[in-house]
Amino acid sequence: MTYADYIRAKTANHSPEPKKPDNSKKTILSLCDYSGIWSDPYREAGYNVIQIDLKHGDDCRLLTLEEVGSVYGLLSAPVCTAFSAAGARHWKKKEEEGDEQLIEGLSIVDATLRFVYLNKPKFWVLENPVGRLKHYIGHHKMTFQPCEFGGWCDNPAEDAYTKRTCLWGDFQEPEKKPVDPVDGSKMHRLYGGKSERTKEMRSMTPRGFARAFFTANQ
Ligand SMILES: C[S@@+](CC[C@H](N)C(=O)[O-])C[C@H]1O[C@@H](n2cnc3c(N)ncnc32)[C@H](O)[C@@H]1O
């Protein structure tokens, strides 16, 4: 064995770990994010995640530019009560009672767009179900069903359901890894009630989608 062969053999199994990128200076502003599922992959990759939700005590409409600093990426999942087609049969009645819910919903959407306008993130995305939001912010960029990204989950059965939702923004479209929607519209079947808990379960970001979105937008 030559000396060169000896060195090669000795170092063969000792290739240094590839250096992980330092993401700590990249801020992800995640609005209306109660569960933290959408922002989780960024947190795990070391990004500086600012997770904002009213139920954690923060109103995204009151965030100042100083509190936020520069924003690398923005995720937002505003309350959909006033916009979702699922509640369409109540729209007329709600309007007769006044525009409060609609104005409230729009004020959260507007706060998102304010941060986009002022902070100019590298990517931004706003999620809301199929409904009437398009009349206020234009046509969505894409729609998806949770099951279309189920293959990204450790347990693909977790997202084997349907619940079409829309995405607006400026971002790379995530790669789909579909699974059969064997659970159908499980969110409405299992969590159809009006309690806060069932509403939370229904509106949680699907984990497979969150991973796919992170992979496409870094
Ligand atoms: C449709 S849910 C989205 C939930 C999200 N996908 C998740 O996985 O937690 C809307 C969320 O917006 C929050 N929210 C409502 N008004 C808000 C406000 N003014 N500022 C920040 N969050 C707000 C609610 O508490 C709720 O968690």
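That block above? That's the structure.
So, here is what we can say about the structure in this document. Because the structure is predicted, anything quoted here is derived from the model rather than measured.

Scoring rules and cut-offs
Residues numbered from 1 in each chain as written. Predicted model: local features only at pLDDT ≥ 70, side-chain atom pairs only at ≥ 80, totals over all residues. Helix = DSSP H or I, 4+ residues; strand = E, 2+ residues; numbered from the N terminus. Buried ≥ 20, exposed ≤ 12 C-beta atoms within 10 Å, placed from the backbone. Pairing = 2+ DSSP bridges. Axes fitted to C-alpha atoms, helices over the stretch in contact; angles between N-to-C directions. Core = buried A, V, L, I, M, F, W, Y, C linked by C-beta atoms within 7 Å. Contact = placed C-beta atoms within 7 Å. Expected span 1.5 Å × (residues − 1). Arc of directions from axis to C-beta.

Digging into the overall build of the chain
Line of reasoning, step 1. Helices and strands together make up the secondary structure of the chain, namely 9 helices and 6 strands.
Line of reasoning, step 2. Taking all 218 residues of the chain together, the buried fraction comes to 33%.

Describing the sheet that holds strand β1 (residues 27-31)
Line of reasoning, step 1. In space, the 6 strands of this open sheet follow the order β2-β1-β3-β4-β6-β5, with mixed pairing throughout. Of all the strands in the sheet, the pair left with one neighbour each is β2 (48-52) and β5 (142-144). Recorded for the sheet is a direction-independent mean angle of 20° between the axes of neighbouring strands.
Line of reasoning, step 2. Summarising the sheet, β1 and strand β3 (residues 73-76) pair through 4 bridges and their orientation is parallel. By the bridge assignment, leucine 31 is partnered in β3 with serine 76.

Focus: unusual backbone geometry
Line of reasoning, step 1. One non-glycine residue with positive phi stands out, namely cysteine 32, at about 55°.
Line of reasoning, step 2. The residue cysteine 32 is located in the loop between β1 and α2 (40-44) in this model.
Line of reasoning, step 3. Of note in this structure, lysine 120 is not a glycine but carries a positive phi near 45°.
Line of reasoning, step 4. With respect to the helices and strands, lysine 120 occurs in the loop between α5 (100-119) and β4 (123-129).

Section: the nonpolar core
Line of reasoning, step 1. Ranked by internal contacts, the top residues of the largest apolar core, which has 38 residues, are Ile28, Leu29, Leu31, Cys60, Leu74, Leu75 and Phe209.
Line of reasoning, step 2. Elements supplying a minimum of two residues to this core: β1, β2, β3, α5, β4 and α9 (207-216).
Line of reasoning, step 3. Among the elements that make up this core, the one with the highest residue count is α9 (5 residues).
Line of reasoning, step 4. Beyond its immediate chain neighbours, meaning those up to four positions away, leucine 29 contacts Ile50, Val68, Val71, Leu74 and Phe115.

Quick look at α5
Line of reasoning, step 1. Taking 1.5 Å per residue as the helical rise, α5 with its 20 residues ought to reach 28 Å, and the 28 Å between its terminal C-alpha atoms agrees with that figure.
Line of reasoning, step 2. Within the span of α5, buried status applies to Gly105, Ile108, Val109, Ala111, Thr112 and Phe115. In a view along the axis of α5, the buried residues occupy a sector of 135°, so they form one face of it. Set apart from the buried face of α5 by more than 90 degrees, the exposed residues are Glu100, Ile103, Tyr117 and Leu118.
Line of reasoning, step 3. Following α5 by one or two positions, lysine 120 adopts a phi angle in the positive range, close to 45°.

Observations regarding α9
Line of reasoning, step 1. Summarising burial for α9: 8 of the 10 residues are buried, a large majority.
Line of reasoning, step 2. In this structure, the buried side of α9 is in contact with α2 and β5.

Description of the pairing of β3
Line of reasoning, step 1. Neither face of β3 is open: one carries Gly73 and Leu75, the other Leu74 and Ser76, and all of them are buried.
Line of reasoning, step 2. Bridging between β3 and β4 involves 4 bridges; their strand directions are parallel. Paired with leucine 74 across the strands is tryptophan 124, a residue of β4.

Details of the environment of glycine 138
Line of reasoning, step 1. By secondary structure assignment, the location of glycine 138 is in the loop between α6 (134-137) and β5.
Line of reasoning, step 2. Judged by the 9 C-beta atoms lying within 10 Å of it, glycine 138 is exposed.
Line of reasoning, step 3. Expressed as a C-alpha distance, the spacing of glycine 138 and tryptophan 168, which sit 30 residues apart in the sequence, is 8.7 Å.

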